[in-house]
Amino acid sequence: MTVSKNINNPVGMGGGKRKKLSRAERQNHGPHRNLDRQGAADQKAELVRKMREKAAAAEAAGQAGDDTAKS
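Residues numbered from 1 in each chain as written. Predicted model: local features only at pLDDT ≥ 70, side-chain atom pairs only at ≥ 80, totals over all residues. Heavy atoms only, no water.

> Just to check I follow, could you spell out the overall build of the protein for this structure?
The helix and strand tally for the protein stands at 2 helices and 0 strands. Surface summary for the protein: the accessible area is close to 6,700 Å², and the carbon and sulfur share equals 55%. (Helix = DSSP H or I, 4+ residues; strand = E, 2+ residues; numbered from the N terminus. Areas by Shrake-Rupley, 256 points an atom, 1.4 Å probe, with all protein chains shown as cover.)

> What is the right way to look at the pattern of salt bridges in this model?
Pairing between side chains of opposite charge can happen when their charged atoms approach one another. Inspection of the entire model under this criterion finds 2 salt bridges. Close ionic contact of Glu-46 with Arg-49 constitutes a salt bridge, the shortest N to O distance being 2.4 Å. Of the two residues, Glu-46 and Arg-49 both sit in helix H2 (residues 31–70), 3 residues apart, roughly one turn of that helix. Judged by relative accessible area, which is 34%, Glu-46 ranks as partly exposed. Judged by relative accessible area, Arg-49 falls into the partly exposed class, the value being 37%. A salt bridge links Arg-49 to Glu-53; the shortest N-O distance between them is 2.6 Å. Residue Arg-49 and its partner Glu-53 are both found in helix H2; the two are separated by 4 residues, about one turn of the helix. Looking at Glu-53, the relative accessible area reads 46%, which means it is partly exposed. (Salt bridge = Lys/Arg side-chain N within 4 Å of Asp/Glu carboxyl O. Buried < 20%, exposed > 50% of the residue type's maximum accessible area, 1.4 Å probe, protein only.)

By themselves, these figures tell us nothing about what the structure is for.
Right under this line is the structure:
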């Protein structure tokens, strides 16, 4: 059996074994992408939260230092 080297000509691929991809999946917008995007959004939200906490802590420490310097 000949093996094709062209993706558009699935000779030798088992005749129907390949999954039929929807248009969205062919354009890489399938359901897996939605999960990836949700995971990335969660990571970003966590990072932003941590940065805000650090900034608030640094600001509080800076204000405490200013109070002692004024006294």
